[in-house]
Amino acid sequence: MTNAIPGAPPTDDAMRTEEQPAARSALSRQRLASAWLFLTPMLAVLAFVAGWPLLQTIWFSFTDASLADLDAARFVGLRNYFEYVDYGDGTGEWFGLFFDAQWWNAVWNTVYYTLVSVSIETVLGLIVALVLNVPFRGRGFVRAAVLIPWAIPTIVSAKMWAWMMNDQFGILNDMLMSVGILSHPIAWTASPETAMWAVIIVDVWKTTPFMALLILAGLQMVPSDVYEAAKIDGVHPVKVFFKVTLPLIRPAILVAVIFRALDALRVFDLIYVLTPNNTETKTMSVFAQENLFQFDQFAYGSAASTLLFLVIAAITLVYIKAARLNLGGGR
Amino acid sequence: MPAFVKRTAFYALVVLIVLFSIFPFYYAILTSFKSGTALFRVDYLPTDFSLANYRDVLVNGVFPLNILNSVIVAFVVVAISLFLAVTAAYALSRIEFRGRGILLLTILAVSMFPQIAVLAGLFELVRLFGLYNSLFSLILAYMIFTLPFTVWVLTTFMRDLPVEIEEAAIVDGAKPMTIVMKVFLPLMWPALVTTGLLAFIAAWNEFLFALTFVSSNDTRTVPVAIALLSGASEQEIPWGTIMAASVVVTVPLIVLVLIFQRKIVSGLTAGGVKG
């Protein structure tokens, strides 16, 4: 793939196919007609499975829908988001998602998890990418080994780590105790102090390869004469890294970070399986799913889903803009 | 710093990376061959070789059915996505028309949708069409992430093919459908295999929709089945069986990923697929 920036939208410039002005009209009319013919089935499916359900979710967030009888949903305005209930004696109380401490706890958990795990993954991914960029014997093997965590389904990784982190029989406690880091076994996934870290460790293990590969793709595009010039000039390797390499691979890192962040913000499966029913790790997606299907608060859960969608949509827009600017200005 | 110290440090780092990457799966395999009380003894090297857990998973119970369900869903989803994506990618990459840029951005945006945002609406749709608890609900739902991804990657791939390849066909008066089938398809096998494999992995691993739209043991897919594996009592988590099931569903994936490593890396960088 020659796309300079992974995942960046192809610009119209890059995509312009050449046309012969003479034979243009009839031919291009035919091609135009078939373009829409080709696109319609795909667009219809997307509208059906993505567009319509999204609008439905947003609609449910303005109703009093309940799981038992979705058809009886009635419009209730913004009540799921915020509502002031006047008790009639001069006092009153705010209700709704915006005033729900559990929701804000979920927001905070999601933000914390995203910031910490993506930061660690970026640093480790960069280190792994730099190692894989050096030619050495057995590099192919190392690259293959690094891909393994990525290939393992999230649920399986969650279970594998849950077993390794088991408080009584887990190998992690055994390891840490035998080297003297821990004096007594800890319940990694259950105790409030470590549950979030357990989730972050598994996420870092699983997605660092993804980061490393995207950054490696950027590294391999740095022309080697840049390094040679620096070597001849006797510039210290550390300085070369910070002054030359890092600025050149910044677009690749940026794209990788945004992809990972978008993914981390909607995390569900890892947390649902590794630390079930734990308020310390409950994220926005878990909060929404619980309200939708376990607590019989379908409308409330829809409102939470809608808010999460808005957050991710905003970040996506920023990303699309950033990636475009880079493509226009970079080369 | 002397050269050998540097080299030793570098290789120590390499060993650390490899160990960190493969140890958890190695330990899962090791555990899957243990049964009875051996499970509750921490061993770093293989000591037991009991197939009891594999027998539990593959012979007793519904797990083989779960595997079959996952295979069916993933294959159908990939087939439909690729079929719809090839023609769409041709239109998006080789034909110029008004609104193409917006369309591409929309497709990219859909590929980043949080699944939870459509969950409530999809549930209503699934219920409306009477698809609850059937594999069709999952086939339908998985389109939301496989279709934008395949369209996106195939568009990038087709865009990079030279103009000349279709010029002759256009001059000969070939219809666009013929051009796609006769000119592009033969060139696209590598891209189709990579994209298909990545979409397959995504469908195979999906959890949220599978948990929500399917409720009976024999229609479940593999990830939900593993997540819900439980023992005779609440407290007794059957770790051996869980690890055996995990190994069974992961080994084929790892083999595929290792075979197609290089292609996967280029597919990943083109599409930025979610892990």
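Basis of the calculations
Residues numbered from 1 in each chain as written. Chains lettered and ligands numbered in written order. Predicted model: local features only at pLDDT ≥ 70, side-chain atom pairs only at ≥ 80, totals over all residues. Heavy atoms only, no water. Helix = DSSP H or I, 4+ residues; strand = E, 2+ residues; numbered from the N terminus. Buried < 20%, exposed > 50% of the residue type's maximum accessible area, 1.4 Å probe, protein only. Contact = heavy atoms within 4.5 Å. Lys, Arg positive; Asp, Glu negative; His and termini not counted. Charge placed at Lys NZ, Arg CZ, Asp CG, Glu CD. Buried area = accessible area lost by both parts, 1.4 Å probe. Salt bridge = Lys/Arg side-chain N within 4 Å of Asp/Glu carboxyl O. Polar contact = N/O pair within 3.5 Å; in protein donor to acceptor, adjacent residues only side chain to side chain. Nonpolar A, V, L, I, M, F, W, Y, C, P; charged D, E, K, R; others polar. Expected span 1.5 Å × (residues − 1). UniProt positions renumbered as here; feature names shortened; annotations may be inferred. Axes fitted to C-alpha atoms, helices over the stretch in contact; angles between N-to-C directions. Parallel < 35°, antiparallel > 145°, perpendicular 65-115°, else oblique. Left-handed = near helix turned anticlockwise from the far one by under 90°. Domains from an automatic or database assignment.

1. Focus: the overall build of chain B
At step 1: Assigned secondary structure in chain B consists of 13 helices and 0 strands.
At step 2: The N-to-C order of helical and strand elements in chain B reads α-α-α-α-α-α-α-α-α-α-α-α-α.
At step 3: Seen through its C-alpha atoms, chain B measures out along the principal axes to roughly 75 × 70 × 30 Å.
At step 4: Counting the 275 residues in chain B, one finds 58% classified as buried.
At step 5: For chain B, restricting intrachain contacts to residue pairs at least 6 apart in sequence, the fraction spanning at least 24 positions comes to 72%.
At step 6: When the 16 basic and 14 acidic side-chain charges of chain B are each reduced to a single mean position, those positions are 7 Å apart.

2. Quick notes on the interface of chain B and chain A
At step 1: Each side of the interface is counted separately: chain B has 110 residues, and chain A has 105 residues.
At step 2: Roughly 9,900 Å² is buried in total at the junction of chain B and chain A, and carbon and sulfur atoms are behind 76% of that figure.
At step 3: On the chain B side of the interface with chain A, the three residues burying the most area are Met112, Ile116 and Arg159 of chain B, jointly 7% of the side's total.
At step 4: The interface formed by chain B and chain A includes 2 salt bridges.
At step 5: For the pair chain B and chain A, the interface holds 14 residue pairs in polar contact (both at pLDDT 80 or more).
At step 6: The element best represented in the side of chain B that touches chain A is helix 1 (residues 3–32) of chain B, accounting for 15 residues.
At step 7: Residue classes in the side of chain B that touches chain A are distributed as 79 nonpolar, 17 polar and 14 charged.

3. As for helix 8 (residues 176–187) of chain B
Residues spaced three or four apart along an α-helix face the same direction, because each turn holds 3.6 residues.
At step 1: Compared with an ideal rise of 1.5 Å per residue, which puts 12 residues at 16 Å, helix 8 of chain B spans 16 Å between its outermost C-alpha atoms and is within 8% of the ideal.
At step 2: All buried positions along helix 8 of chain B are accounted for by Pro176, Ile179, Val180, Val183, Phe184 and Leu185 of chain B.

4. A closer look at the pattern of salt bridges
All names here are of chain A.
At step 1: Inspection of every chain in the model, using the stated rule, returns 14 salt bridges over all chains.
At step 2: Glu121 is the salt-bridge partner of Arg260, the closest N and O atoms lying 2.9 Å from each other. On the criterion of sequence distance, the pair formed by Arg260 in helix 9 (residues 237–265) and Glu121 in helix 3 (residues 101–133) is long-range, its members being 139 residues apart.
At step 3: A salt bridge links Lys282 to Glu290, with the nearest nitrogen and oxygen atoms 3.2 Å apart.
At step 4: On the basis of relative accessible area, Glu290 is assigned to the buried category, the value being 6%.
At step 5: Connected through salt bridges with shared partners, the residues Glu121, Asp203, Arg260, Asp263 and Arg266 form a single ionic network.

5. Some remarks on the UniProt feature "transmembrane region" (unreviewed entry) in chain A
All names here are of chain A.
At step 1: Listed under "transmembrane region" (unreviewed entry) in the UniProt record, and renumbered for this structure, are residues 34–55, 111–132, 144–164, 195–219, 240–262 and 298–320.
At step 2: Across residues 144–164, the secondary structure splits into 90% helix and 0% strand, with the terminal C-alpha atoms separated by 23 Å.
At step 3: Within the segment residues 195–219, helix and strand shares are 100% and 0% respectively, and the terminal C-alpha atoms sit 35 Å apart.

6. Section: unusual backbone geometry
At step 1: Within the chain, Asn277 of chain A stands out as a residue other than glycine whose phi angle is a positive 50°.
At step 2: Among the structural elements, Asn277 of chain A can be located in the loop between helix 10 (269–274) and helix 11 (284–293).
At step 3: Here Asn277 of chain A falls in the exposed class, since its relative accessible area comes to 69%.
At step 4: Not every positive phi belongs to a glycine, and Asn133 of chain B is a case in point at roughly 70°.
At step 5: Structurally, Asn133 of chain B is set in the loop between helix 5 (115–128) and helix 6 (135–159).

7. Some details on the packing of helix 5 of chain B against helix 6 of chain B
Residues and elements named next belong to chain B.
At step 1: Look at helix 5 against helix 6: their axes get within 11 Å of each other, and the N-to-C directions meet at 150°. Comparing their axes, helix 6 and helix 5 come out roughly antiparallel. Here the hand of the crossing between helix 5 and helix 6 comes out right-handed. The residues of helix 6 that touch helix 5, namely those facing Gln115, Val118, Leu122, Leu125 and Val126, are Ser137, Leu140, Ala141, Ile144 and Phe145.

8. Focus on the UniProt feature "transmembrane region" (unreviewed entry) in chain B
Residue and element names in this part refer to chain B.
At step 1: Using the residue numbers shown here, the UniProt feature "transmembrane region" (unreviewed entry) corresponds to residues 9–29, 67–90, 102–123, 135–158, 179–204 and 237–260.
At step 2: Counting secondary structure, residues 9–29 comes out at 100% helix and 0% strand; the distance between its end C-alpha atoms is 30 Å.
At step 3: As annotated, residues 102–123 has a helix share of 86% and a strand share of 0%, and its two end C-alpha atoms lie 29 Å apart.

9. Observations regarding the domain arrangement of chain B
Residues and elements named next belong to chain B.
At step 1: For chain B, the assigned domains are domain 1 (3–50) and domain 2 (56–271).
At step 2: Using C-alpha coordinates to define each centre, domain 1 is positioned 32 Å away from domain 2.
At step 3: For the domain 1 and domain 2 pair, buried surface summed over both sides reaches about 540 Å², with 89% attributable to carbon and sulfur atoms.
At step 4: Looking only at domain 1, the three residues that lose the most surface to domain 2 are Phe25, Ala28 and Ser32, adding up to 66% of its buried area.
At step 5: Counting the contacts that link domain 1 with domain 2 gives 0 salt bridges.
At step 6: Linking domain 1 with domain 2 are 0 residue pairs in polar contact (both at pLDDT 80 or more).

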